[in-house]
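Geometric and topological summary
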Amino acid sequence: NGQILRQSPPFHLFFARLLGRLNTLASLYGLGKIADHALCTSLLDQAKEIRIVDDQTHWSELPRFSGRQQSWMKFGGLLGSITYRGDLRPFLPLLALGEWTHVGGKSSFGLGKFVLERTENT
């Protein structure tokens, strides 16, 4: 909703941003959306069941130089790792694409990278 998150997002918010990015990229550079409205709605409903079980993220300010404004600007974002728990199988194909496209408001600057790691349930 146009607000910067300074804490780890619930999975459904993270996945909603990812779906939006993938659909935008596919519409602009491909043959149309990757996921239609019905699939998006279904996946986002399922995403609400996924929970954060470990959060090792922190907010970090990164400097960047703006050629247009001819000044240094701060670029903030989350760094670290987060563990989500739940049935992630329905999301894996789109999460795998997201590893390549990144996600978030500053992904066009090369930020928003994430890496999937599978952990065993204990």
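Time to look at the overall build of the protein chain. From N to C terminus, the protein chain includes 3 helices and 2 strands. Its helices and strands in sequence order give the protein chain the pattern α-α-β-β-α, from N to C terminus. For the protein chain, the spread of C-alpha atoms along the principal axes amounts to about 45 × 40 × 25 Å. By residue count, 23% of the 122 residues in the protein chain fall in the buried class. Across the protein chain, contacts joining residues at least 24 apart in sequence account for 64% of those joining residues at least 6 apart. About 8,900 Å² of surface is accessible on the protein chain, with carbon and sulfur atoms providing 54% of the total. For the protein chain, the separation between the mean place of its 14 positive charges and that of its 10 negative charges on side chains is 10 Å.

Here we come to the environment of Gln-56. With respect to the helices and strands, the residue Gln-56 is situated in strand S1 (residues 51-66). Between the C-alpha atoms of Gln-56 and Ile-82, which are 26 residues apart in sequence, the distance is 5.8 Å. Once residues within four sequence positions are removed from consideration, Gln-56 is found in contact with Leu-79, Gly-80 and Ser-81.

Attention shifts here to the packing of aromatic side chains. Following the criterion strictly, the structure yields 7 aromatic pairs and no others. Between the aromatic rings of Phe-11 and Tyr-84, the centroid separation amounts to 5.1 Å while the plane-to-plane angle is 70 degrees, which identifies the pairing as edge-to-face. One end of the pair, Phe-11, is in helix H1 (residues 11-29); the other, Tyr-84, is in strand S2 (residues 71-85), and 73 residues separate them in sequence. With a relative accessible area of 2%, Phe-11 lands in the buried category. Under the relative-accessibility criterion, Tyr-84 is labelled buried at 18%. Both rings, one in Phe-11 and one in Phe-91, keep their centres 5.1 Å apart while their planes meet at 70 degrees; by these two values the pair is edge-to-face.

All right, on to the pattern of salt bridges then. Under the defined criterion, the tally for this structure stands at 1 salt bridge. Of the charged contacts, one joins Asp-87 and Arg-89 as a salt bridge, the two residues approaching to 2.8 Å between their closest N and O atoms. According to the relative accessible area criterion, Arg-89 is exposed, its value standing at 62%.

As a further point, take the layout of surface pockets. Size it by volume and the largest pocket reaches roughly 2,000 Å³. If you trace the largest pocket, you find 48 residues lining it, with Pro-9, Phe-14, Ile-82, Tyr-84 and Phe-114 closest to the centre. Among the secondary structure elements, those contributing two or more residues to the lining of the largest pocket are H1, S1, S2 and helix H3 (92-101). Per-element tally for the lining of the largest pocket: the top contributor is S2, with 10 residues.

At a closest axis distance of 10 Å, the pairing of H1 and H3 adopts a crossing angle of 70 degrees. The angle between the axes of H1 and H3 places the two elements in the roughly perpendicular class. Here H1 and H3 pass one another in a crossing that is left-handed. Where H1 approaches H3, its residues Phe-11, Phe-14, Phe-15, Leu-18, Leu-19, Arg-21, Leu-22 and Leu-25 are matched on the opposing element by Leu-94, Leu-95, Leu-97, Gly-98 and Thr-101. A class-by-class count of the residues in the contact of H1 with H3 yields 10 nonpolar, 2 polar and 1 charged.

Quick notes on the rules
Residues numbered from 1 in each chain as written. Predicted model: local features only at pLDDT ≥ 70, side-chain atom pairs only at ≥ 80, totals over all residues. Heavy atoms only, no water. Helix = DSSP H or I, 4+ residues; strand = E, 2+ residues; numbered from the N terminus. Buried < 20%, exposed > 50% of the residue type's maximum accessible area, 1.4 Å probe, protein only. Contact = heavy atoms within 4.5 Å. Areas by Shrake-Rupley, 256 points an atom, 1.4 Å probe, with all protein chains shown as cover. Lys, Arg positive; Asp, Glu negative; His and termini not counted. Charge placed at Lys NZ, Arg CZ, Asp CG, Glu CD. Phe/Tyr/Trp six-rings, centres within 6.5 Å; stacked < 30°, edge-to-face > 60°. Salt bridge = Lys/Arg side-chain N within 4 Å of Asp/Glu carboxyl O. 1 Å grid on protein atoms, 1.4 Å probe; cavity = no way out; pocket = protein on both sides within 12 Å on 5 of 7 lines; lining within 4 Å. Points joined across faces, edges and corners; volume = space filled by probe spheres on them. Axes fitted to C-alpha atoms, helices over the stretch in contact; angles between N-to-C directions. Parallel < 35°, antiparallel > 145°, perpendicular 65-115°, else oblique. Left-handed = near helix turned anticlockwise from the far one by under 90°. Nonpolar A, V, L, I, M, F, W, Y, C, P; charged D, E, K, R; others polar.

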